[in-house]
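# Inside the fold
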Amino acid sequence: MNAMIDEACEVIAETTRSVLRTLYAPLLPGQRYYQLPALDARMMRPLRIWSHVSNIPLEPISIGELDTVHDQWERTTGEPRYWFPVSWDVIGIWPCAGEGGGLLRIDYQAWPRPLLDDADTIELPESSVDAVLYYGQYMSLLKHYDISQAAEYFRLFEESLGVARGRSGSARQPVGLRG
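Below or above, wherever it landed, is the structure these notes cover. (Residues numbered from 1 in each chain as written. Predicted model: local features only at pLDDT ≥ 70, side-chain atom pairs only at ≥ 80, totals over all residues. Heavy atoms only, no water.)

Looking now at the pattern of salt bridges. What the rule picks out here adds up to 8 salt bridges. A salt bridge links Arg-155 to Glu-152; the shortest N-O distance between them is 2.4 Å. Of the two residues, Arg-155 and Glu-152 are both situated in helix α5 (residues 147–166); the distance of 3 residues between them amounts to about one turn of the helix. Connected through shared salt-bridge partners, Arg-21, Asp-40, Arg-113 and Glu-123 make up one network. (Salt bridge = Lys/Arg side-chain N within 4 Å of Asp/Glu carboxyl O. Helix = DSSP H or I, 4+ residues; strand = E, 2+ residues; numbered from the N terminus.)

Here it is as C-alpha cells:
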C-alpha cells in the first residue's frame, strides 16, 4: 500500500507542481555542469536559478543558442548569466565561474518524500488527499481487471487533480547547502 501511495503522490506532484523546494549550491571555479541528483536526489526539474552574488536570475538558454551567440562559450569564464539543460539530470551554467566563492540558488520542483512508516504524512497539499485515495482505488481495480470501475475512479482522480492544481500553493522548503 505504501508503494501505491508513494506512486500516487509522485503522479500528483508531477501534475500539480505542488512540491517546490529551494537549495543553495556552491559555485565552483571552472565547473560548468551540475548533476541534479548530486544536488538533491528528489529534484524533478529546476524552475529558476539565481546567482546569489549578483542577486539576479540566470536566464534559460539552449546549447544551440549558445553555439550561435558565442562560438567559444565552453571556454568562457565570468559571472554566470545563463543556465541550460544538458540532459534530464544535468544542467549547465554559462559562463562558468572563474573564481569560486559564490552560490547558486535553485528553485525546483521535487518528487515528494516516500512514506517510511505509518506515522508519516504525505508531502502534498491537503486538497490532494482525495486524489491519492482515488488513485489507489483505480490501481487496485486495474489489478483485479475491473476496467469499467477503474475508469470511473480514474475520472474521479483527474477531477480531484483539477481541484488540487487550483490549490497547490505549497511553501518552498530550503534544503541547505550541497556540494
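Having seen the structure, we can now continue with the description.
Attention shifts here to the sheet that holds strand β2 (residues 33–35). Sheet architecture is open: 4 strands sit in the order β2-β7-β6-β5, paired in mixed fashion. The open sheet terminates on both sides in strands that have one partner only, identified here as β2 and β5 (59–60). Here 2 bridges tie β5 to strand β6 (residues 82–87), and the two strands are oriented parallel to one another. Following the sheet pairing, Glu-59 is matched in β6 by Tyr-82. (Pairing = 2+ DSSP bridges.)

A word on the nonpolar core. In summary, soluble globular proteins display a tendency toward joint burial of nonpolar side chains. Counting 33 residues, the largest nonpolar core has Leu-39, Leu-104 and Ile-106 as the members making the most contacts within it. Among the secondary structure elements, those contributing two or more residues to this core are α1 (2–16), β1 (20–27), α2 (36–39), β3 (43–51), β7 (90–94), β8 (102–110), α4 (129–143) and α5. Ranked by residues supplied to this core, first place goes to α4 with 6 residues. Leaving out residues up to four positions away in the same chain, Leu-104 has contacts with Leu-23, Tyr-24, Ala-25, Leu-27, Tyr-34, Ile-49, Trp-50, Leu-58 and Ile-93. By size, the runner-up hydrophobic cluster in this structure holds 5 residues, among which are Leu-66, Trp-73, Phe-84 and Trp-94. (Core = buried A, V, L, I, M, F, W, Y, C linked by side-chain atoms within 4.5 Å. Buried < 20%, exposed > 50% of the residue type's maximum accessible area, 1.4 Å probe, protein only. Contact = heavy atoms within 4.5 Å.)

Our next topic: the side chain of Thr-16. Among the secondary structure elements, Thr-16 is positioned in helix α1. A distance of 2.7 Å separates a polar side-chain atom of Thr-16 from the backbone oxygen of Ile-12. (Polar contact = N/O pair within 3.5 Å; in protein donor to acceptor, adjacent residues only side chain to side chain.)

Here the focus is the packing of α1 against α4. In contact at an axis separation of 9 Å, α1 and α4 are set at 120° when each is read in the N-to-C sense. Judged on the interaxial angle alone, α4 and α1 are oblique. Our pair here, α1 against α4, has a crossing hand that is right-handed. Counted together, Met-4, Ile-5, Glu-7, Ala-8, Cys-9, Val-11 and Ile-12 of α1 and Ala-131, Val-132, Tyr-135, Gly-136, Met-139, Ser-140 and Lys-143 of α4 form the full contact between these two elements. For the contact of α1 with α4, the residue count by class is 10 nonpolar, 2 polar and 2 charged. (Axes fitted to C-alpha atoms, helices over the stretch in contact; angles between N-to-C directions. Parallel < 35°, antiparallel > 145°, perpendicular 65-115°, else oblique. Left-handed = near helix turned anticlockwise from the far one by under 90°. Nonpolar A, V, L, I, M, F, W, Y, C, P; charged D, E, K, R; others polar.)

Below, the discussion takes up the pairing of β6. In this region the chain leaves β5, passes through helix α3 (residues 63–69) and returns to the parallel neighbour β6; the handedness of that crossover is right-handed. Taken together, the 5 bridges between β6 and β7 define a ladder with antiparallel strand orientation. Across the sheet, Tyr-82 pairs through a bridge with Trp-94, a residue of β7. Joining the antiparallel neighbours β6 and β7 is a turn of 2 residues. (Right-handed = clockwise from strand over helix to strand, strands pointing away.)

A cis geometry characterises the amide bond from Trp-94 onward to Pro-95, with omega recorded as -15°. Mapped onto the fold, Pro-95 is located in the loop between β7 and β8. Residue Tyr-145 is not a glycine yet carries a positive backbone phi of 60°. Along the polypeptide, Tyr-145 turns up in the loop between α4 and α5.

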